[in-house]
Amino acid sequence: MAALISLKGIGRYYQSGETVVRALDGVDLEIARGEFVAIMGQSGSGKSTLMNILGCLDKASTGTYMIDGQDVAGFEGDRLAELRRETFGFVFQRYNLLATASAGENVEVPAIYAGMPREARSQRAKELLTKLGLAQRVANRPSQLSGGQQQRVAIARALMNNAKVILADEPTGALDSASGKEVMQLLKDLHAEGRTVIVITHDEAVAAHAERQVRIQDGRVLSDSGHKGTRTQGTRADRAEVVARGVERGSSALPEVGEAIQTALRSLRVNIFRTALTLLGIVIGVASVVTMLAVGNGSSEKVVSQISAMGTNMLSVRPGAPGVRNSGDNATLLVSDGEAVAELPNIRVVVPERSGRYTMRYGSNDYASSISGVNEGLPVTRDWAVAKGSFFTARDVSSYAPVIVLGQTVATSLFGPLTDPIGEKVLVKNIPFEVVGVLEAKGASIMGSDQDDVAYIPITTGLVRLFGGNYVTGLNVMVDDVAQIDATQTAVSELIKARHRGVEDFSIRNTASLLEMVSTTQSTLTILLGTVAAISLLVGGIGVMNIMLVSVTERTRE
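Keep in mind it's a predicted model, so treat the numbers as computed, not measured.

Concerning the sheet that holds strand S5 (residues 70–71)
Okay, so step 1: Across the sheet, which stays open at both edges, the four strands sit in the order S2-S1-S4-S5 with antiparallel pairing between neighbours. Looking at which strands have only one partner, the edges of the open sheet turn out to be strand S2 (19–31) and S5.
Okay, so step 2: Where strand S4 (residues 62–67) and S5 come together, two bridges link them in antiparallel fashion. Looking at S5, one finds that isoleucine 67 is bridged to glutamine 70.
Okay, so step 3: Sheet strands in contact with helix H1 (residues 47–54) are strand S1 (5–16), S2 and S4, and its direction is about 120° off that of S1.

Side note on the side chain of threonine 460
Okay, so step 1: In this fold, threonine 460 is placed in helix H15 (residues 459–467).
Okay, so step 2: Here valine 397 takes part through its backbone oxygen, which lies 2.4 Å from a polar atom of the side chain of threonine 460.
Okay, so step 3: The contact partners of threonine 460, leaving out residues within four places of it in the chain, are Val397 and Tyr400.

Describing the packing of aromatic side chains
Okay, so step 1: Going through the model one piece at a time under the given rule, you end up with seven aromatic pairs.
Okay, so step 2: With 5.9 Å between their ring centres and 5° between their planes, phenylalanine 90 and phenylalanine 92 make a pair best called stacked.
Okay, so step 3: Here the aromatic residues Trp384, Phe391, Phe392 and Tyr456 are joined through ring pairs into a cluster of three or more.
Okay, so step 4: If you follow arginine 22 out to its NZ or CZ, it ends over the ring of tyrosine 13, 4.6 Å from the centre.

Topic: the nonpolar core
Okay, so step 1: Within the largest apolar cluster, 53 residues are counted, with the highest numbers of intra-cluster contacts made by Met360, Ile404, Leu406, Tyr456 and Leu466.
Okay, so step 2: Beyond its immediate chain neighbours, meaning those up to four positions away, methionine 360 contacts Asn365, Asp366, Tyr367, Ser369, Ile371, Ile404, Leu406, Val410, Leu414, Leu427, Val428 and Ala455.
Okay, so step 3: By size, the runner-up hydrophobic cluster in this structure holds 36 residues, among which are Ala125, Ala168, Leu186 and Ala207.

Some points on the side chain of arginine 157
Okay, so step 1: By the secondary structure assignment, arginine 157 is in helix H5 (residues 147–159).
Okay, so step 2: Its relative accessible area of 12% is what places arginine 157 among the buried residues.

So, the packing of H5 against helix H6 (residues 177–192)
Okay, so step 1: Taken N-terminus to C-terminus, the directions of H5 and H6 make an angle of 15°; their axes are 9 Å apart at the nearest point. Taken as axis vectors, H5 and H6 run roughly parallel relative to one another. Seen from above, H5 lies across H6 with right-handed handedness. Contact residues: Gly148, Gln151, Arg152, Ile155 and Leu159 in H5; Ser179, Glu182, Val183, Leu186 and Leu190 in H6.

Conventions we followed
- Throughout this document, residue positions are counted from 1 along each chain, in the order its sequence is written.
- Since the coordinates come from a predicted model, pLDDT governs what is reported: local features require at least 70, and pairs of side-chain atoms require 80 or more to be given and counted, while whole-chain, interface and lining totals use all residues.
- In computing side-chain values, all of the structure's heavy atoms are included and hydrogens and water are not.
- Being paired, for any two strands, means DSSP has found at least two bridges between them.
- We count a stretch as a helix when DSSP gives it H or I for four or more residues in a row; a strand needs E for two or more, and each element gets its number in order from the N terminus.
- Contacts: residue pairs with any heavy atoms within 4.5 Å of one another.
- Interaxial angles span 0 to 180 degrees and are taken between N-to-C directions of axes, which are lines fitted to C-alpha atoms, for helices over the stretch in contact.
- Between N or O atoms, a polar contact is any pair within 3.5 Å; within protein, one atom must be a potential hydrogen donor and the other a potential acceptor, and residues adjacent in sequence are included only when both atoms are from side chains.
- Pairing of aromatic side chains requires ring centres within 6.5 Å, counting the rings of Phe and Tyr and the six-membered ring of Trp. Pairs whose planes differ by under 30 degrees are stacked, by over 60 edge-to-face, and all others tilted.
- Ring-over charges, as used throughout, are those where CZ of Arg or NZ of Lys falls within 6 Å of the ring centre and within 35 degrees of the ring normal.
- Only buried residues count toward a nonpolar core, which is a set of Ala, Val, Leu, Ile, Met, Phe, Trp, Tyr and Cys residues joined through side-chain atoms within 4.5 Å.
- Accessible area is worked out with a 1.4 Å probe on protein chains only. A residue is then buried under 20% of its type maximum, exposed over 50%, and partly exposed in between.
- In this scheme, roughly parallel covers angles under 35 degrees and roughly antiparallel covers those over 145, while 65 to 115 is roughly perpendicular and the rest are oblique.
- Each crossing is labelled by how the near helix is turned from the far one, with a counterclockwise turn of less than a right angle marking it left-handed and a clockwise turn marking it right-handed.

Next comes the structure, spelled out in structure tokens:
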């Protein structure tokens, strides 16, 4: 009968600097189905390397390795994993049990990867543990078991998929003599059932239990006691394959997904502190991205909305040549300039402005605020409605009327929340002004200042009775068609330059272009914040990956 395992000229070489280490050097070995073989050798002889190659945990550098007539040299990835899963059961000196899983769950691991349904594998795991005398230990974790009991769990795991070959690497090395005898008796019982058992050991007493002893030294077979007979008929192990492999694997991927989720949840539950730290890293990373982008987008929308509230169809004319800092006392713009600009086409409203800070008095209450002289067009250019009373009219402007409109902050500070200020008189530089209106609340500006801390009087009254002189500090021009705002800006510039005898002693700012500039700047800021947040997320992700790597490394031997 053909050999179950056949090795011809097997060599395994490692490069250590300029030196080639020959762990195995030309090993020839055949093992028949149903044999009990002990591979013996001292430390460094190459026996563990040989076991790794036998179990397809490692690949030979040279030579041919045949299993049941199949050359494994061309096997890769899943094909090699399937061969290991279906052919070999591993029993290690250090057991290699999963510390976070119970004895039953450890035994079930090979069947999970084989796709066996949950109920079937749970039943088989209990049967195997019962057979090995661990019926009362199914739910215990490895830390709750003795060394001998852990090794029995490892043997049950090796039998879970009803492997043809049992590979035992120093199975009694970590056990006391009594437990060691029990384990060897179990291996002999498995051999009696017809399984091929290969024991790797340096102990003569352990090797004596085997029917055949193969000695290895310096990577070569030193001696072989030879075959002691093989089984040519079907064995109980062969027939038992129907039990372990007879259950059809489901065609759906859902069971595999469910198993993966269940395993993941169990691992998360057992390593609760690690899970919390991982979750914290993810939360911080994601929260930083969300927060940064929200801050960027929120600030951008606020700035744009406030500029839009000022009007995107506005031209702001200020005294002083372009590029020259204006002190505010540059007397180059006049009210008459605004009146002339108002006659140009595509002009809806022109509002001249002059302002100063003065103390207002009502009864015994004094309050200092900004007072601006404007005309009746301010509510239109500022899109500012009147909450009480009304704004002053063109007639008030032309008649130099001593009337005043208050912002909400000024009205509350002077009159309190209960008194209606309409019709009351306030003193500014001992000049009585009648309150004709109170504006609606505007809130804070882009720079954080209170927009409601202001009062408005007719520009004509202000120039004569408060400010002095006939110049203004700016002209606010609203156009009808924003599509023609550039052409209108040019026309306004040419007109004022002509009125100032060709001297360009003023500058014009287009709010539409300002809005575009601000939007571009905010977009850049948002990208910057997003990049910083992404780096935070990356750093958090690296931390998470590091913890995941630790988790995967812990289960590599699985």
